Amino acid sequence: MSRPSTDTAPAVDRLRPRRSCLAVPGSNPRFLEKAQGLPADQVFLDLEDACAPLAKPEARHTIVKFLNEGDWTGKTRVVRVNDWTTEWTYRDVVTVVEGAGPNLDCVMLPKVQDAQQVVALDLLLTQIEKTMGFEVGRIGIEAQIENARGLNNVNAIAEASPRLETIVFGPADFMASINMKSLVVGEQPPGYDADAYHYILMRILMAARANDLQAIDGPYLQIRNVDGFRTVAGRAAALGFDGKWVLHPGQVEAANEVFSPSQEDYDHAELILDAYDHCTSEAGGKKGSAMLGDEMIDEASRKMALVVAGKGRAAGLKRTSTFEIPEA
Ligand code: GLV
Ligand code: MG
């Protein structure tokens, strides 16, 4: 069935699952090995802040080897390069994409400050794809918002390239950029009792949704505090974020759980979709609204249900109930 063009919900259905996005230092073969066995939706092999400057040149080649020879089945494969203000970015991109382009899904660009920085990466990727005979435009871009200038320009950044798949919040760098008085990422600064992150998260979410992109929350650094992780992840999930970074195996299951609908909500969403399809059909009387049990559903219910169903399908949930056509 074709959807009206104002429909924003199917984007969630179309995009890759990214409930848990596992950070793996590109310079650490042991972690690169271990990451393959973890149930994260995405891995990103890091050339930026988890990789010491002296280790970066070799890490590029380590990443190429692991992308080409590792078993990343079922995972979105991403490499985070260094940001454009450094001297490393172009060599990161050229070495990794020339060496492992067909085994790479996206490049993550950190500390994006304006749309031109995304365009520059897009152009460089196109050059490499053409030179190497790779499919042009297949490799996506993830843009990290990590400073005040990036947040001010987030709408233009989100529109900057058809390669963009996600806008990612980088809370640690962001807190430093705005002089936030807290040392624990995700927690409220001392002396402040409202949600210090709400404005930032909402701006990122709006820019992402207006452009059919995913919105991803960044890391929670207290890796042994899984309850704290759940609280911070739950806040992003409640707003509508699609996933969160994980830094440790102990955070993976929590992220997958927090960003998936419950089985009950998933079943209910699929029932709403079936019931709405039926009531609007010829056989169902071409009605614009209907009752599903005690609940009145209409086109807006379908849109909400599409979001939950899309997340559930992406999470691999299976229906445990079927729609029965009501007696006339
Ligand atoms: C991630 O890159 C962060 O700065 O939080
Ligand atoms: Mg950062």
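The numbers attached to residues start from 1 for each chain and follow its sequence in the written order. Chain A is the first chain written and ligand 1 is the first ligand written, with later ones labelled in order. Given that this is a predicted model, residues contribute local features only at a pLDDT of at least 70 and side-chain atom pairs are listed and counted only at 80 or more, while totals for whole chains, interfaces and linings are drawn from all residues. Only hydrogens and water are set aside when side-chain values are computed; all heavy atoms of the structure are taken into account.

### Observations regarding the overall build of the protein chain
Right, so step 1: The helix count covers DSSP runs of H or I at least four residues long, the strand count covers runs of E at least two residues long, and both are numbered beginning at the N terminus. The helix and strand inventory of the protein chain stands at 13 helices and ten strands.
Right, so step 2: Based on C-alpha atoms, the radius of gyration is set beside the globule rule, defined as 2.2 Å times the residue count to the power 0.38. Taken over the C-alpha trace, the protein chain has a radius of gyration of 21 Å; the compact-globule value for 328 residues is 20 Å, and the two agree within 12%.
Right, so step 3: Dimensions of the protein chain, computed from the C-alpha atoms along their principal axes, are close to 75 × 55 × 35 Å.
Right, so step 4: A simple rule labels every residue: compare its accessible area, found with a 1.4 Å probe on the protein chains alone, to the largest value its type can have, and call it buried under 20%, exposed over 50%, or partly exposed in between. Relative to its full complement of 328 residues, the protein chain shows a buried share of 51%.
Right, so step 5: Long-range pairs, those at least 24 residues apart, make up 72% of the contacts in the protein chain between residues at least 6 apart in sequence.
Right, so step 6: Accessible areas in this description were obtained via Shrake-Rupley with a 1.4 Å probe; residue shielding takes into account the shown protein chains only. By element, 54% of the accessible surface of the protein chain is carried by carbon and sulfur atoms, the whole surface being about 15,300 Å². Residue contacts are counted whenever heavy atoms from the two residues lie within 4.5 Å of one another.

### Description of the pattern of salt bridges
Right, so step 1: Salt bridges are counted wherever a side-chain nitrogen of Lys or Arg sits within 4 Å of a carboxyl oxygen of Asp or Glu. What the rule picks out here adds up to 26 salt bridges.
Right, so step 2: Its salt-bridge partner being arginine 16, residue glutamate 165 comes within 2.8 Å of it at the nearest N-O pair. Of the two residues, glutamate 165 sits in strand S6 (residues 164-169) while arginine 16 sits in the loop between helix H1 (10-14) and strand S1 (20-25), which places them 149 residues apart along the sequence.
Right, so step 3: The partly exposed category is assigned to arginine 16, whose relative accessible area is 25%.
Right, so step 4: Two residues, lysine 65 and glutamate 69, come together in a salt bridge whose shortest N-O distance is 3.3 Å. Residue lysine 65 and its partner glutamate 69 are both found in helix H3 (residues 56-69); the two are separated by four residues, about one turn of the helix.
Right, so step 5: The class for lysine 65 is partly exposed, based on a relative accessible area of 44%.
Right, so step 6: Counted as one network, the salt bridges with shared partners bring together Arg16, Arg18, Arg77, Asp105, Arg138, Glu142 and Glu165.

### Notes on the coordination of the magnesium ion (ligand 2)
Right, so step 1: Around the magnesium ion (ligand 2), the protein supplies Glu146 (OE) and Asp173 (OD) as donor atoms, at distances of 2.0 Å. Residue glutamate 146 is found in the loop between strand S5 (140-145) and helix H6 (148-152), and its partner aspartate 173 is found in helix H8 (residues 171-177); the two are separated by 27 residues along the sequence.
Right, so step 2: Judged by its relative accessible area of 25%, aspartate 173 falls in the partly exposed class. For Na, K and Ca the donor cut-off is 3.2 Å, while for other metals it is 2.8 Å, and in both cases only N, O and S atoms qualify; water is not among them, so sites may look incomplete.

### Side note on the site of ligand 1
Right, so step 1: For this purpose, a residue is taken to be near a molecule or strand whenever a single non-hydrogen atom of the residue falls within 4 Å of it. Around ligand 1, the neighbouring residues are Arg80, Gln144, Glu146, Gly170, Pro171, Ala172, Asp173, Pro219 and Trp245.
Right, so step 2: Any pair of N or O atoms that falls within 3.5 Å is considered a polar contact. Within protein, one atom must be able to donate a hydrogen and the other to accept it, and sequence-neighbouring residues count only if both atoms are side-chain atoms. Within the side chain of arginine 80, a nitrogen or oxygen atom sits 3.1 Å from an oxygen atom of ligand 1.
Right, so step 3: Interatomic distance of 2.9 Å between a backbone N/O atom of aspartate 173 and an oxygen atom of ligand 1.
Right, so step 4: Protein contacts shield 93% of the accessible area of ligand 1, which totals 200 Å² for the unbound molecule.
Right, so step 5: Ranked by residues supplied to the shell around ligand 1, first place goes to H8 with three residues.
Right, so step 6: In terms of residue class, the shell around ligand 1 is built from four nonpolar, two polar and three charged. Ten residues, namely Ala, Val, Leu, Ile, Met, Phe, Trp, Tyr, Cys and Pro, are considered nonpolar, four, namely Asp, Glu, Lys and Arg, are considered charged, and the remaining ones, Gly among them, are considered polar.

### What about the side chain of serine 260?
Right, so step 1: Of note, serine 260 is situated in the loop between helix H11 (249-258) and helix H12 (263-280).
Right, so step 2: Of the polar contacts made by the side chain of serine 260, one reaches the side chain of arginine 19; its length is 2.8 Å.
Right, so step 3: A distance of 2.5 Å separates a polar atom in the side chain of serine 260 from the backbone oxygen of asparagine 256.
Right, so step 4: If near-sequence neighbours (up to four positions away) are discounted, serine 260 is found in contact with Arg19 and Ala315.

### Describing the sheet that holds strand S7 (residues 214-217)
Right, so step 1: A pair of strands is treated as paired once DSSP finds two or more bridges between them. In spatial order, the strands read S1-S2-S3-S4-S5-S6-S7-S8; together these eight strands close into a barrel with parallel pairing. On average, each strand axis in the sheet is inclined to that of its neighbour by 25 degrees, with strand direction left out of account.
Right, so step 2: In terms of strand pairing, S1 meets strand S2 (residues 42-46) through five bridges, oriented parallel. Across the sheet, residue proline 25 finds its bridge partner in S2, namely aspartate 46.
Right, so step 3: Between N-to-C directions, angles span 0 to 180 degrees; the directions come from axes that are lines fitted to C-alpha atoms, helices contributing only their stretch in contact. Of the strands in this sheet, strand S4 (106-109), S5 and S6 touch helix H5 (residues 115-132), which is tilted by about 150 degrees from S4.

### Some remarks on the domain arrangement of the protein chain
Right, so step 1: Domain segmentation is taken from an automatic or database assignment of domains. Once the domains are mapped, the protein chain shows domain 1 (20-258) and domain 2 (263-314).
Right, so step 2: With centres defined by C-alpha atoms, the gap from domain 1 to domain 2 works out at 34 Å.

### Quick notes on H12
Right, so step 1: In a helix, the anticipated span is given by 1.5 Å times the number of residues less one. Relative to the 26 Å expected for 18 residues at 1.5 Å per residue, H12 spans 26 Å between its end C-alpha atoms, a close match to the ideal helical length.
Right, so step 2: Among all positions of H12, only Tyr266, Asp267, Ala269, Glu270, Leu271, Ile272, Leu273, Ala275, Tyr276, His278 and Cys279 are buried.
Right, so step 3: Residues of H12 that are buried make contact with strand S9 (290-292), strand S10 (295-297) and helix H13 (299-314).

### Comments concerning the pairing of S5
Right, so step 1: Buried residues dominate S5, accounting for six of its six residues.
Right, so step 2: Side chains Gly140, Glu142 and Gln144 of S5 all project onto a buried face; the interleaved residues Ile141, Ala143 and Ile145 project onto the opposite face, where all are buried too.
Right, so step 3: Pairing between S4 and S5: four bridges, direction parallel. Note on S5: the bridge partner recorded for methionine 108 is glutamate 142.
Right, so step 4: Note that S5 and S6 share five bridges and pair parallel. Following the sheet pairing, glutamate 142 is matched in S6 by threonine 166.

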